Every structure is written in structure tokens, then in C-alpha cells.
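Residue-level structural notes
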Amino acid sequence: MSGRANQIAVTERLSQSVAAITASATLAVSAKARALRATGEPVIGFGAGEPDFPTPDHIVEAAVEACRDSGNHRYTPAAGLPELREAIAAKTARDSGLAVDPAQVLVTNGAKHAVTAAFETLLNPGDEVLLPAPYWTTYPESVALAGGLTRVLPTDEADGFRVTVDDLEEARTPHTKALMFVSPSNPTGAVYPADEVEAIGRWAAENEIWVVTDEIYEHLTYGDHQFSSMPALVPELADWCVVVNGVSKSYAMTGWRVGWLIGPADLVSAATNLQTHTTSNVSNVPQRAALAAVSGDLTAVGDMRAAFDRRRRTMFGMLEAIPGVTCMEPEGAFYALPCMTGVLDRDIGGRRPQTTVELAEVVLDSAKVAIVPGEAFGAPGYARLSFALGDDDLREGVGRIAELFASVG
Ligand code: PLP
């Protein structure tokens, strides 16, 4: 770009709301780690929020077959293949105990797209969305893009990074339109117990506040922690609830881009109309693969969960042992969110990082390990490490951080 265009502020040349968006920090960290690795640096990346396993064979086979069927070479209904919407409804009854009609399902390009579609469909300018922090980095951007305002509710590690009904009630204003809820959580690894999920759902239903509940990590809980679906526990929330889900995390299918939302008829119909003008139908071949995933059993999911659980225990144990670092034991998903304030403003690798953004740079430069600074999640002082990577890399990577921090002056 040159000349006159260069002199005009980007917010004047482009849409203000889109120009204000920052790139996803988690994707940026992964991209930087990949780029360094491509130059021969032995980088270990804890940034990626995706399973390292290949997609199970029977799912890949369904996609191969789907490629050969010319029926999949054409546009299909914008809301998704009828068979897939039916299978998602059946899977939701099986896994969440929630009865929904296939017409309440909208198939989207991943769960991220379902979050965006939900807020686009729900919000008017100035509507407020309650967002417990630490939060997944995409939520506030989606709210802002849809013209809404995010009201962040900080939570404490000591309280398991969970909000209470009292916190929500205190933050509620006449403009509160929705609550963004996620359990198991990215980035905290927190899992809300059923009684707390139910209490929050009842509070929302009583106050006619929408809940967008992200259930993408439903199958990834550890120890005694169990997933609970809010609309299953609180049937009166049915008219005020949007469930977001997808195949990415449970079936190692992040690259296939299939997710969905489930909601009341008016919302799904409006969101479908929106989709007819934006993406049309999700690519048919991945939809066929997702059909094989959700209509199959949960054996592969169970195997992957067992591996994540093992890695979780390894990572938690190693992080806990690093002086200056504390960590809540992850209860679900595949992330640890250690507090690293104990090593800030100290001499590490010849530098004195003041923030976790600076610390992450030092860790990448000195130890060749990529971590995501908590600032990306509304959690300065913390860093997120995914444990969805191989056991050896995991040990090596956390070991390098431990060694670097041991040199703190
Ligand atoms: N929701 C949460 C909480 C996530 O962590 C992620 C991915 O990191 C997504 C949704 C997006 O999933 P998808 O790959 O289906 O877009």
C-alpha cells in the first residue's frame, strides 16, 4: 500500500468493528511456533488447542466415500444435511440427556462459527453479554462484532475459576441480554458441578437472560468431575438457551470445520436465514464425516480422553514443582492455566519480563517453548499450556521451562 491510502487511518478505510479485532492469540502463537520450527528451531508448542491424534479411520472412510458420491458435489440445505441434523439431535439426547428436534439444529463451520452466529442473531447494539474471565479469546470479539458490549466477570483460582449466581446478579443490568457459559472451560480447565450449572440456569431463566453454552469439551472431564448440560438440568431455559458444540475436540477433527448450534425455533430460523447469505451449507464431505463421528460410539473418544488424562497429570505435577509457579489442577478440556506472577520482574535469560506477554516471548526465545500469555484470555499473570501434545514433547517442553525458571535471578 502506498501514497494517500497510507495516510488514512485504517479505521476510516475499513469497518471500525473489524479493524478493531485483534488476531486470535492462540492461533498466532501456534503460527509463530510453526514458523520457527520450519527454520530448524527445536520449538515445542503448547499453544494449539487441538488433539494431536489423527481423525479415527471410520470417519475418514466416510469422507472418502462421500467424495465419490456426486450428491455431495452440489449445494445442500443451508441448515445442514437432514441426516446430520437428526444424528446431532440423537447424540444430544444420548450425551446430554436433552431432547431436541432436528429442526432446532443448525450445522455451522465449526463451533467458533456457531458462537459468532449465535451472537449475530441475538444481539442489538448496546446489548450486554456477561462473560466470566478467564475466557476463550474469541468470545469478546464475537460479541463486539455483533454490536454487543462485553461485561467481564473476573473469577479467582481459589474459587476454581467459577462464577456464582451472586456474581451474575451483581453484574446484571437492564441491558443484560446474555451470559456466555462454558464448562469444561478453555482456558481454565474448570468444570462446574451440576448443582452450580443448575443454579445459574435457573437464574438466567427467571431473568429471561439468554445463555450461550459452549459444550465443545463435553467428553473431556477427568477424575470425579463430570460434564452437565445446562438446558438438560433446567428445562425452563429451553426458550433462552443456545447450545454450541462440534466434532473438533472430541473426535480430533479440528481441520474438518463442523460444529453446530441448537436453540429455540425462532433463533434457529433467523440464524439459518443469516447463513443462507453468508456461508450457505457447510461443505458436504466434512458433514458426512461428522455424521459418521456423532452416530458412532464413543470408543475413540474414550481412548483419547485416557491419553489426555495421563498428560494432564504429568503436566500438572511438573508445573506445580516449578518454584514461582502455581497451578489449579485441570478438571476438564486440555489446558493448564498456571499463575506465573512469581517469576515476573526477575532476571530470566538476561531479560526482566514485566508481563506474561513479555514472559512468553522470553520463554520462546530462550527455551524454544511456545505458551499463550494469559492477557489473551483476560488473565494477566497466567499462561495457558495445552496438554494435547505427545507425552515426550510435553515432558521436554515443561522441563525446559523449569530449567529456564531455575536460572531466575
Ligand atoms: N469453543 C471453545 C471453548 C474452544 O476452545 C474452541 C477451540 O479452541 C472452540 C469453541 C472452536 O471449536 P471449532 O474448532 O469447532 O471451531
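Structure report, in brief. (Residues numbered from 1 in each chain as written. Predicted model: local features only at pLDDT ≥ 70, side-chain atom pairs only at ≥ 80, totals over all residues. Heavy atoms only, no water.)

1. Considering the nonpolar core
Judged by nonpolar contacts, the single largest core of 70 residues is most densely connected at Phe46, Ile371 and Phe405. Sorting elements by how many residues they give to this core places helix H7 (residues 110–122) first, with 7 residues. Not counting residues within four places of it along the chain, the set of residues in contact with Phe405 comprises Ile322, Val325, Met340, Val343, Ile348, Leu359 and Val363. Val100, Phe181, Cys241 and Ala293 belong to the second largest nonpolar core, which has 47 residues in total. (Core = buried A, V, L, I, M, F, W, Y, C linked by side-chain atoms within 4.5 Å. Buried < 20%, exposed > 50% of the residue type's maximum accessible area, 1.4 Å probe, protein only. Helix = DSSP H or I, 4+ residues; strand = E, 2+ residues; numbered from the N terminus. Contact = heavy atoms within 4.5 Å.)

2. Comments concerning empty space enclosed by the protein
The final tally for this structure, using the stated rule, is 1 cavity of 30 Å³ or more. Volume-wise, the largest cavity comes out at about 120 Å³. In terms of lining, the largest cavity is formed by 15 residues, of which the most central are Pro132, Pro134, Val182, Ser185 and Tyr192. Residues that form the lining of the largest cavity fall into these classes: 12 nonpolar, 3 polar and no charged. (1 Å grid on protein atoms, 1.4 Å probe; cavity = no way out; pocket = protein on both sides within 12 Å on 5 of 7 lines; lining within 4 Å. Points joined across faces, edges and corners; volume = space filled by probe spheres on them. Nonpolar A, V, L, I, M, F, W, Y, C, P; charged D, E, K, R; others polar.)

3. Things to note about the pairing of strand E6 (residues 210–214)
Burial within E6 is extensive, with 5 of its 5 residues counted as buried. Residues Trp210, Val212 and Asp214 point to one face of E6 and Val211 and Thr213 to the other, with burial holding for every one of them. Relative to E6, strand E5 (residues 176–182) is paired through 5 bridges, and the arrangement is parallel. Pairing of Ala178 across the sheet is with Trp210, part of E6. (Pairing = 2+ DSSP bridges.)

4. Quick look at the site of the ligand
Every residue close to the ligand is listed here: Gly110, Ala111, Lys112, Trp136, Tyr139, Asn186, Asp214, Ile216, Tyr217, Ser248, Lys249 and Arg257. For the ligand, an oxygen atom lies 2.9 Å from a polar atom in the backbone of Lys112. At 2.8 Å, a side-chain N or O of Arg257 approaches an oxygen atom of the ligand. Its free accessible area being 400 Å², the ligand has 93% of it covered by the protein chains. Here the ligand is seated within the largest pocket. (Near = heavy atom within 4 Å. Polar contact = N/O pair within 3.5 Å; in protein donor to acceptor, adjacent residues only side chain to side chain. Areas by Shrake-Rupley, 256 points an atom, 1.4 Å probe, with all protein chains shown as cover. Sits in = over half its atoms within 2 Å of the grid points.)

5. What to know about unusual backbone geometry
Across the junction of Ala133 and Pro134, the peptide omega takes the value -5 degrees, indicating a cis bond. Pro184 follows Ser183 through a cis peptide bond whose omega is -5 degrees. Positioned with a positive phi, Phe161 is a non-glycine residue whose angle comes to about 55 degrees. Here Phe161 lies in the loop between strand E4 (149–154) and helix H9 (165–171). Although it is not a glycine, Ala333 sits at a positive phi angle of roughly 60 degrees. Since its relative accessible area comes to 0%, Ala333 is described here as buried.

6. Section: the pattern of salt bridges
Applying the stated criterion across every chain yields a total of 19 salt bridges. Note that Asp95 is salt-bridged to Lys91, the shortest N-O span being 2.8 Å. On the criterion of helical spacing, the pair formed by Asp95 and Lys91 is a turn pair, its members being 4 residues apart in helix H6 (residues 82–96). For Lys91, a relative accessible area of 2% puts it in the buried group. (Salt bridge = Lys/Arg side-chain N within 4 Å of Asp/Glu carboxyl O.)

7. Section: the sheet that holds strand E12 (residues 383–386)
Taken together, the 3 strands give an open sheet; going across it, the order is E9-E12-E11, and neighbouring strands pair in antiparallel fashion. Lying at the two open borders of the sheet, with one neighbouring strand each, are strand E9 (335–336) and strand E11 (372–373). Where E9 lies against E12, 2 bridges are found, and the strand directions are antiparallel. Its bridge partner lying in E12, Ala336 is registered against Leu385.

8. Digging into the environment of Asp392
By the element assignment, Asp392 lies in helix H16 (residues 391–406). For Asp392, a relative accessible area of 64% translates into the label exposed. For the pair Asp392 and His73, spaced 319 residues apart in sequence, the C-alpha to C-alpha distance is 42 Å.

9. Let's talk about the sheet that holds strand E2 (residues 105–108)
Here we have 7 strands laid out as an open sheet, ordered E2-E8-E7-E6-E5-E3-E4, and mixed in their pairing. Bordering the open sheet on either side are E2 and E4, each of which pairs with just one other strand. Taken over all neighbouring pairs, the strand axes of this sheet differ in orientation by 20 degrees on average, direction set aside. Examined bridge by bridge, strand E3 (residues 128–133) and E5 share 3 bridges and lie parallel to one another. When the sheet's bridge partners are listed, Leu130 is paired in E5 with Leu179. (Axes fitted to C-alpha atoms, helices over the stretch in contact; angles between N-to-C directions.)

10. Comments concerning H6
Taking 1.5 Å of rise per residue, the 15 residues of H6 would be expected to cover 21 Å, and the 21 Å separating its terminal C-alpha atoms lies within 8% of that figure. Within H6 the residues assigned to the buried category are Leu84, Arg85, Ala87, Ile88, Ala89, Lys91, Thr92, Asp95 and Ser96. Once H6 ends, the next one or two residues include Gly97, with phi positive near 70 degrees. (Expected span 1.5 Å × (residues − 1).)

11. Here's the deal with the pairing of E5
In regular strands, side chains alternate between the two faces of the sheet. Summarising burial for E5: 6 of the 7 residues are buried, a large majority. The parallel pair E5 and E6 is bridged by helix H10 (residues 194–206), and the resulting crossover is right-handed. (Right-handed = clockwise from strand over helix to strand, strands pointing away.)

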